[in-house]
Amino acid sequence: MSLPITLGELRKSEYNEQRLRTRRVKDELRDNLIQKLKTGETVFQGIVGYDDTVVPQLVNAVLSRHNFILLGLRGQAKSRLLRALTALLDPQLPFVKGCEIHDNPYEPLCPRCKTLISQQGDATPIAYLGPQERYIEKLATPDVTVADLIGDIDPIKAARGGLDLASELTVHYGLLPRANRGIFAINELPDLAGKIQVALFNIMQEGDVQIKGYPVRLNLDVALVFSANPEDYTARGKIVTPLKDRIGSEIRTHYAGTLEEGVAITQQEAWAERNRHPLHIPQFIREIVEQIAFAAREDKRVDKRSGVSQRLPISTLENVISNAERRALRNGESSVVPRISDIYSAMPAITGKLELEYEGELRGADTVVRDLIRLAVARTFDAYFKDGNMQQITQWFDLGGQLKFSDTAASSELLDGLKHIQGLTDKLSVVGVKPKDKPEMIVSAAEFLLEGLYAHKRIGRSEERVFTAPEKRNVEKAPAREEFPARGRRPYN
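Residues numbered from 1 in each chain as written. Predicted model: local features only at pLDDT ≥ 70, side-chain atom pairs only at ≥ 80, totals over all residues. Heavy atoms only, no water.

Draft legend 1. Main features of the nonpolar core. Within the largest apolar cluster, 63 residues are counted, with the highest numbers of intra-cluster contacts made by Ile343, Leu354, Ile373, Ile393, Leu418, Leu449 and Leu450. Breaking this core down by element, the ones donating at least two residues are helix H14 (283-298), helix H15 (311-331), helix H16 (340-345), helix H19 (365-385), helix H20 (391-398), helix H21 (411-418) and helix H23 (439-455). Here this core takes 11 residues from H23, the largest share from any one element. If we skip the residues at most four places from it in the chain, Ile373 touches Ile292, Ile343, Tyr344, Met347 and Ile350. Listed in part, the 46 residues of the second largest apolar core include Ile69, Phe184, Leu189 and Ile211. (Core = buried A, V, L, I, M, F, W, Y, C linked by side-chain atoms within 4.5 Å. Buried < 20%, exposed > 50% of the residue type's maximum accessible area, 1.4 Å probe, protein only. Helix = DSSP H or I, 4+ residues; strand = E, 2+ residues; numbered from the N terminus. Contact = heavy atoms within 4.5 Å.)

Now the structure itself:
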């Protein structure tokens, strides 16, 4: 159905005056949310792990018509949640064509639209906004000015139009007025200067502001949403008290609560669709990559206040795939299958995302990351091979067996070496690998098993990735009593 293009046609359509004059943005969000709740439709697509925690609080905030703030550490999908609010907006919203602040045709704010409607009446041209065009986002930085957010006097406008500087027609509108009849999001709110926050809450509550000393009344229709880091919000205390008071709901986000949720998020976000070769990522590789983030969040050497972003496993998995892809291209392999050695090759994607405490800085980022990978392998190994008898495999190494697993070696080459270890391939059925599977799959699973034994110190491994027998520890025998040297008596003075 064609949309009305003039004010007269608009009055006779579903966008009639009674509906548009009284239905503000927060009412629109609320109405569309209620429809989704009634039909059982997923409210926020692509959000994993928040169904029982964050999403209910967010739903309550929208139903209450609140301005709200999301508090959470980095990589907790705060921006994604804010952008997902556009799914609750109408598909089309009519406004006066050419208006900078998307004026309601039945209730215009700017002088230009008021004059246009009074002159043209029902012939006033109408345009439409989609949901994405009604979402404006601003990253708060200390250099943001009132002119950026609210607006400023434009002397060129005044000169060209022969207008007085006090006229509202000379105002160049900022981001907030341009978000009129939409959603205005500010990321990292505490970084916004105090005087800018004051101007912000004044216009969102009272609807007026002073631009270059001239009072301007803007009764804007905007849903304001914010995000912030809890450390900044509480410790640094850079959100002014009146603005805190005007934020209706404070919603705290969190990292994935379970390994399964973390794997699902990483699988959804990581770029894994490579076009050249068929790609198969074993489930244990996905779990190990995710376990690295979980282990880092528990490690005392990693700064808890900074957090460990979900971007860590996402970037790591992408790097793991790339290293496996590079090996497949060099060796002419038919498919790309990541191995444990590829995770060690992906360390550059991990070290830059960890903020270390003093102890971690002393040890070095590379050492900390290697420890985290080893722990992640051990935990994942226990989940698959906890009840497996590995004595036959460890005995082969105890008898002097050695096996080198280079991350650049072809799978067929490594498979020849694995055949010497009796019983190894039989153990791989636990991870869904059979003896007749492709060499890439067998080698990947076999390296996982050997790395797991190494992580539990049941076999050894050198820096060159040569698996050997475990190092024998020299335990010094406690000397018998007669072996203690006789202590001379202390002479009397």
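From this point on, the discussion continues.
Draft legend 2. Seen up close, the sheet that holds strand S4 (residues 135-139). Pairing within the open sheet is parallel, and its five strands lie in the order S4-S7-S10-S1-S11. Two strands lie at the open edges of the sheet, namely S4 and strand S11 (249-252), each paired on one side alone. Pairwise comparison of adjacent strand axes, ignoring direction, gives a mean angle of 20° for this sheet. With four bridges joining them, strand S1 (residues 68-71) and strand S10 (residues 222-228) adopt parallel strand pairing. Residue pairing across strands places Phe68 opposite Val225, the latter belonging to S10. Across the sheet, helix H4 (residues 54-63) lies against S1 and S11, angled at about 165° from S11, the strand it touches most. (Pairing = 2+ DSSP bridges. Axes fitted to C-alpha atoms, helices over the stretch in contact; angles between N-to-C directions.)

Draft legend 3. H4, seen in detail. Every buried residue of H4 is listed here: Val54, Val55, Leu58, Val59, Ala61 and Val62. In a view along the axis of H4, the buried residues occupy a sector of 160°, so they form one face of it. Check the buried side of H4 and you find it contacts helix H3 (25-39), S1, helix H5 (78-83) and S11. Looking one or two residues past H4, Arg65 carries a phi angle of roughly 60°, positive in sign. (Arc of directions from axis to C-beta.)

Draft legend 4. Expanded view of the sheet that holds strand S12 (residues 403-404). Read across the sheet, three strands follow the order S12-S14-S13 without closing on themselves; strand pairing throughout is antiparallel. In the strand order of this sheet, the two ends are held by S12 and strand S13 (460-461), each with one partner. For S13 and strand S14 (residues 466-468), the ladder comprises two bridges, and the chain directions are antiparallel. Its bridge partner being in S14, Arg461 is matched across the sheet by Phe467.

Draft legend 5. Broad picture of the state of the cysteines. By the definition in use, this model includes zero disulfides. Of the cysteine sulfurs around Cys99, a residue in no disulfide, the closest is that of Cys113, at 3.4 Å. There is no disulfide at Cys113, and the cysteine sulfur nearest it, in Cys110, is 3.3 Å away. (Disulfide = S-S within 2.5 Å.)

Draft legend 6. Main features of the packing of H20 against H23. Running from N to C, H20 and H23 cross one another at 75°; their axes reach a closest spacing of 12 Å. Comparing the axis directions of H20 and H23 gives the class roughly perpendicular. Contact residues: H20 offers Ile393, Thr394 and Phe397, while H23 offers Leu449, Leu450 and Leu453. When its residues are assigned to classes, the contact of H20 with H23 shows five nonpolar, one polar and no charged. (Parallel < 35°, antiparallel > 145°, perpendicular 65-115°, else oblique. Nonpolar A, V, L, I, M, F, W, Y, C, P; charged D, E, K, R; others polar.)

Draft legend 7. How the structure looks around H21. Regarding H21, the residues found buried are Ser411, Leu414, Leu415, Gly417 and Leu418. Each buried residue of H21 sits inside an arc of 160° when the element is viewed along its axis, so together they form one side. Buried residues along H21 sit in contact with S12, helix H22 (424-427) and H23.

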